[in-house]
Amino acid sequence: MNIIVIGSGAREHALCRLVEKSYLCEKLYCFPGNFGISQIAECRNISNSEEIIEECQKISPDLIIIGPENYLSENLAGRLRGLNFNVFGPDEHGAKLESSKEFMKEFCQSHDIPTARSKTFTSFDSAKTYLELRNGPIVVKYDGLAAGKGVFVCSNQQEAIDACFKVFEEKVFNKENNKVVIEDFLEGKELSFFTITDGKNYLNFGSAQDYKRIGDNDTGPNTGGMGTVSPAPILNEELMKKIQSQIIEKTITGLNKDKINFQGVLFFGIMVDKDNKPYLLEYNTRFGDPEIQSISLRLNSDFLSLAHATATKNLEYTNIDFDNDKKSICLILATSGYPEQYPKDTLIKNLNEFPNNDQFYIFHAATKKNGHNILTNGGRVLSLVAMGDTYEECRNKVYKIAEEIDWDHKYYRKDIGANY
Ligand code: AMP
Ligand code: GLY
């Protein structure tokens, strides 16, 4: 098979690795890819939907896998499917589960999926009037894609009013037609859960715990993710049963009832309260980054067959197998200063001293080659992933290599997987 993966991050590097190691893979392309990906796929510097469609028509691939959400909400998957390509990724209707918080909330309400109580507002005045009647912590969510910056977890009424001011009056995300969903604050522990579906059948793709804050012990600003452990340590059998019956099955049934064709991956962001009850915080309609980096090392099944079956509605003839006894940890190495200001073009001196294998892999998010040098060109730069029998074994491995990487500007959290 010839396959095209769309995207340029460490998530797409992890997907490319899975595709490339399949016996079914003849030729793998990645648009636009990055330096790390170019070691295992042919990268082409194409990143807008129109050019991608043109190039797909030239190459005529057997499968197209779309990594990032922005392409999905622009309906790239739907348009490619309209041209008879096999695509892993939902059409724009399904992608709305991620791109619109209001749509997600209405979907949960109509299919009885547990989630925080919420109300939607279309003006600053109405949101403010509502907030003036509320006390204590509360959450304000901008209704649209906002690169992870659209959720304001507020500790009091004033912070929430300020967040609404940013959206409606300062218009930080969008110039007009702004909306916010204001919802109850939920206390608990979070986990990320993944399910691939061809619309009718589904297979669970595993779990991870994401470390979102920049600083140790979950301090400082939110980031795109500073590390993950897989499986999520809090996921016991009882919780899995609840997630299965109350969230996953109801979602698949709901998609069918609402006639939303969904061929791709559902990423459930879940909060688990002190009574071990799961609530859906969000849907994403693509793999998580950095979740997939850690989950992918534990996958035994052939990912390319699974992705192709998802895209051709043949999932019922497949099954999935993970190394259930194994754990994995992903540690993100970022450029010091991230998520605020940070330098670019910094030199990583010795990356080729750390060969990849089935138990350890370095995925690239923001590297480029300049002559013989490897330079950085972003905030989150490398994903170091190790698999082992215990979380401790994985931790020892990733932290040993993180220390050995010779890069003056490296920053990483010291506590990924520390308490397990
Ligand atoms: P979301 O993009 O909706 O998952 O929100 C991003 C992050 O905000 C989540 O991963 C949580 O850490 C936090 N969050 C979102 N909704 C809530 C909520 N209702 N209660 C507490 N924290 C929340
Ligand atoms: N790790 C969270 C995300 O991919 O959105």
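Everything quoted here is computed from the prediction, not taken from an experiment.

### Here's the deal with the overall build of the chain
- Counting its regular elements, the chain contains 12 helices and 23 strands.
- For 420 residues, the compact-globule estimate of 2.2 N^0.38 gives 22 Å, and the C-alpha radius of gyration of the chain, at 21 Å, lies within 12% of that figure.
- Out of the 420 residues in the chain, the part that is buried amounts to 57%.
- A fraction of 68% describes how many contacts in the chain between residues 6 or more apart in sequence connect residues 24 or more apart.
- Accessible area for the chain stands at about 18100 Å²; split by element, carbon and sulfur atoms hold 43% of it.
- Side-chain charges of the chain comprise 48 positive and 59 negative groups, with the mean position of each set lying 2 Å from the other.

### Examining the pairing of strand β19 (residues 360-364)
- Of all 5 residues in β19, 5 are buried; the element is thus mostly enclosed.
- Alternating residues of β19 divide into Phe360, Ile362 and His364 and Tyr361 and Phe363, and every residue in both groups is buried.
- Here β19 pairs with strand β22 (residues 380-388) via 5 bridges, running antiparallel. Note on β22: the bridge partner recorded for His364 is Leu382.

### Some details on the site of ligand 2
- Taken together, the neighbourhood of ligand 2 is formed by Asp210, Phe267, Asn284, Arg286, Gly288, Asp289, Pro290 and Glu291.
- Between Asp210 and ligand 2, the recorded distance is 2.9 Å, taken from a side-chain N or O atom to a nitrogen atom.
- Here a nitrogen atom of ligand 2 sits 3.0 Å away from a polar atom, N or O, in the main chain of Asp289.
- Calculation on ligand 2 without its partners gives an accessible area of 200 Å², and the protein chains cover 83% of this total.
- Grouping the amino acids of the shell around ligand 2 by side-chain chemistry returns 2 nonpolar, 2 polar and 4 charged.

### Some remarks on the sheet that holds strand β18 (residues 347-348)
- Spatially, 3 strands are ordered β18-β21-β20 in an open sheet, and the strand pairing comes out antiparallel. Every other strand in the sheet has two partners, leaving β18 and β20 (367-370) as the edge strands with one partner each.
- Alignment of β18 against strand β21 (residues 373-376), held across 2 bridges, turns out to be antiparallel. Bridging across to β21, Ile348 finds its partner in Ile374.

### Description of the packing of aromatic side chains
- Inspection of every chain in the model, using the stated rule, returns 19 aromatic pairs.
- Consider the rings of Tyr29 and Phe31, whose centres lie 6.5 Å apart with planes at 65°: the pair is edge-to-face.
- An aromatic cluster is built from Phe88, Phe194, Phe205, Phe267, Phe287, Phe303 and Phe322, whose rings are joined through pairwise contacts.
- When the ring centre of Tyr279 is taken as reference, the NZ or CZ atom of Lys277 above it lies at 5.1 Å.

### Quick look at the environment of Phe103
- Tracing the backbone through its elements, the reader meets Phe103 in helix α6 (residues 101-110).
- On the basis of relative accessibility, which here comes to 16%, the residue Phe103 falls in the buried class.
- Note: C-alpha distance between Phe103 and Val153 (50 residues apart in sequence) is 20 Å.
- Contact partners of Phe103, with chain neighbours within four places excluded, come to His93, Lys96, Leu97 and Ile260.

### Structural notes on a nonpolar patch on the surface
- Taken together, the side chains of Val151, Val153 and Phe185 make up a nonpolar region of the molecular surface, amounting to roughly 230 Å² of accessible area.
- Mapped onto the secondary structure, Val151 falls in strand β8 (residues 151-154).
- Here Val151 falls in the partly exposed class, since its relative accessible area comes to 36%.

### Notes on the site of ligand 1
- Close to ligand 1 lie 15 residues, the nearest being Glu183, Leu186, Glu190, Lys212 and Glu282.
- Between ligand 1 and Leu186 there is a distance of 2.8 Å, counted from a nitrogen atom to a backbone nitrogen or oxygen.
- With respect to ligand 1, the side chain of Glu282 contributes an N or O atom lying 2.9 Å from an oxygen atom.
- Those elements that place two or more of their residues in the shell around ligand 1 are β7 (138-142), β8, β9 (180-184) and β16 (278-284).
- When its residues are assigned to classes, the shell around ligand 1 shows 8 nonpolar, no polar and 7 charged.

So, how was this worked out
- Residues numbered from 1 in each chain as written.
- Chains lettered and ligands numbered in written order.
- Predicted model: local features only at pLDDT ≥ 70, side-chain atom pairs only at ≥ 80, totals over all residues.
- Heavy atoms only, no water.
- Helix = DSSP H or I, 4+ residues; strand = E, 2+ residues; numbered from the N terminus.
- Rg over C-alpha atoms; globule rule 2.2 N^0.38 Å.
- Buried < 20%, exposed > 50% of the residue type's maximum accessible area, 1.4 Å probe, protein only.
- Contact = heavy atoms within 4.5 Å.
- Areas by Shrake-Rupley, 256 points an atom, 1.4 Å probe, with all protein chains shown as cover.
- Lys, Arg positive; Asp, Glu negative; His and termini not counted.
- Charge placed at Lys NZ, Arg CZ, Asp CG, Glu CD.
- Pairing = 2+ DSSP bridges.
- Near = heavy atom within 4 Å.
- Polar contact = N/O pair within 3.5 Å; in protein donor to acceptor, adjacent residues only side chain to side chain.
- Nonpolar A, V, L, I, M, F, W, Y, C, P; charged D, E, K, R; others polar.
- Phe/Tyr/Trp six-rings, centres within 6.5 Å; stacked < 30°, edge-to-face > 60°.
- Lys NZ or Arg CZ within 6 Å of the ring centre and 35° of its normal.
- Patch = residues over 30% accessible without salt bridge, like charges linked within 9 Å, V, L, I, M, F, W, Y side chains within 5 Å.
- Salt bridge = Lys/Arg side-chain N within 4 Å of Asp/Glu carboxyl O.

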